[in-house]
Amino acid sequence: MREFDYQGSPARIRFGAGARAGVAEAVEALGCKRALVLSTPQQANDAGAIVNLLADRAAGLFTQATMHTPVEITEQALKAMRDNDADCTVAFGGGSTTGLGKAIAYRLDTPQIVIPTTYAGSEVTPILGQTQAGRKETVRAASILPELVIYDPELTLSLPVPMTMTSGLNAMAHAAEALYARDRNPISSLMATEGLRALAEALPRIAMAPRDLSARSDALYGAWLCGTVLGTVGMSLHHKLCHVLGGAFDLPHAETHAIVLPHAIDFNAAAAADELRPLSAIFGETSPGAAIHGFAVKIGAPTALREIGFREEDIGRAAEIATANPYWNPREVTRADIHALLAAAWRGDAP
Ligand code: NAD
């Protein structure tokens, strides 16, 4: 018998090639007058084009967004909000820039527009991960969820192919874990399955033709669905492991997700066999962990933690941190299990 509790997200979504052209109108629709545009230093030029689109609704450009949302950078951005008399933000970029927009909204409760340029999915979650003095904390609040997301696939054409593949697998990880989430509901499972299907189909097309706008549009559509389920239901082992590897060992976010995913799914496969069936249907293989590994190899994604700077001698400490606090997972987790899983991911074994 079914039993569930479902709450839809209040965030508004505008999706389409060229949708960024409506950004000034969107600021006005939020009742705002002056938007501070946010980006990383690497995307400063493209963010400048958003400032131009905003015209007299632009308050300025802040280009210091950084991975893991350091509080010192947030404080500089808060000063820029005050100095430029800004009443809202437009975050242009990936999860790092979205994180900065969320950190500002968490403190000032100012409206946020996000224009995502990767597949991380942060723009549709009420979750903020921020770091201070080397410690990463996660907070959840209604003010953190952006009011409007403008998905414009033209802005993802410049995302380098290796980053496209790992970022796409990062999105797929949200959906894979949503399938067996304890608090899953029929809508989250439908969105997760469709998000996985869209990315499984789009990423190989992008690997062949990186400027194929139709494939880019399909991938961004899949990323929206995968991000939405991340914001809707609880995550388990996979996200816990990636949080530890990113937070305590400073490993790159999307690559870490791409490498750990086949191993985490393989670990949970027997305990969540029915729930993971959509994965087998999408990839045409019976073992979901092996299917994701095969897919990652096919699209040229990294498969071993040793390739991205994780040291073999740190496996024990990572396993210790990852099992220090209990969390829900479809299968019970022991330190020895996690040690074995991380050792396999370090070597890059096929599950
Ligand atoms: P990122 O935002 O750090 O971007 C990586 C690099 O790619 C940056 O230099 C960026 O400027 C560049 N880039 C982004 N889009 C580009 C494009 N279209 N063309 C060219 N270059 C581009 O990477 P990410 O993986 O999107 O985000 C990772 C961060 O997001 C992590 O800090 C992670 O914790 C956070 N995150 C948070 C949530 C959440 O719900 N809170 C969810 C997912 C990720």
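Along every chain, residues carry numbers that run from 1 in the direction the sequence is written. Only residues with pLDDT of at least 70 are given local features in this predicted model, and only at 80 or more are side-chain atom pairs given and counted; all residues enter the totals for whole chains, interfaces and linings. The basis for the side-chain values is all heavy atoms of the structure; hydrogens and waters are excluded.

Draft legend 1. Molecular detail of empty space enclosed by the protein. Put plainly, a pocket is an open set of points on a 1 Å grid over the protein atoms alone with protein on both sides within 12 Å along at least five of seven lines, a cavity is a set where a 1.4 Å probe fits but cannot get out, and a lining residue has an atom within 4 Å of a point. Grid points are joined across faces, edges and corners, and a volume is the space filled by probe spheres set on the points. Evaluation of the coordinates by the stated rule reveals one cavity of 30 Å³ or more. Considering only enclosed or pocket space, the largest cavity measures out at about 30 Å³ in volume. Looking at the largest cavity, the residues that line it are Ala 258, Ile 259, Pro 262, His 263, His 293, Ala 296, Pro 302 and Thr 303. Residue contributions to the lining of the largest cavity peak at four residues, all from helix α9 (residues 253–268). Across the lining of the largest cavity, the residue classes break down as five nonpolar, three polar and no charged. Every helix listed is a DSSP run of H or I at least four residues long, and every strand listed is a run of E at least two residues long, numbered separately from the N terminus. Nonpolar residues are Ala, Val, Leu, Ile, Met, Phe, Trp, Tyr, Cys and Pro. Charged residues are Asp, Glu, Lys and Arg, and all others, Gly as well, are polar.

Draft legend 2. Looking closely at the site of the ligand. To be near a molecule or strand, a residue needs just one of its heavy atoms within 4 Å of it. The environment of the ligand is made up of 22 residues, and the closest members are Thr 40, Ser 96, Thr 117, Thr 118 and Thr 125. Within the contact set of the ligand, an oxygen atom lies 2.8 Å away from a side-chain nitrogen or oxygen of Gln 43. For the ligand, the accessible surface in isolation is 860 Å², of which the surrounding protein chains cover 85%. Considering each element in turn, the shell around the ligand owes the most residues, three residues, to helix α4 (residues 95–108). Between N or O atoms, a polar contact is any pair within 3.5 Å; within protein, one atom must be a potential hydrogen donor and the other a potential acceptor, and residues adjacent in sequence are included only when both atoms are from side chains. Where accessible areas are quoted, they stem from the Shrake-Rupley method and a 1.4 Å probe; at the residue level, only the protein chains shown are allowed to cover.

Draft legend 3. Quick peek at unusual backbone geometry. Even without being a glycine, His 68 presents a positive backbone phi close to 70°. Looking at the element boundaries, His 68 is found in the loop between β3 (58–62) and α3 (71–83). Here the phi dihedral of Thr 69 falls at roughly 45°; this positive angle occurs in a residue that is not glycine. Mapped onto the fold, Thr 69 is located in the loop between β3 and α3. The buried label goes to any residue with under 20% of its type's maximum accessible area, the exposed label to any with over 50%, and the partly exposed label to all in between, with areas taken from a 1.4 Å probe on protein chains only. Using a relative accessible area of 5% as the deciding quantity, one classes Thr 69 as buried.

Functional significance is not addressed by these values, which are geometric in nature.
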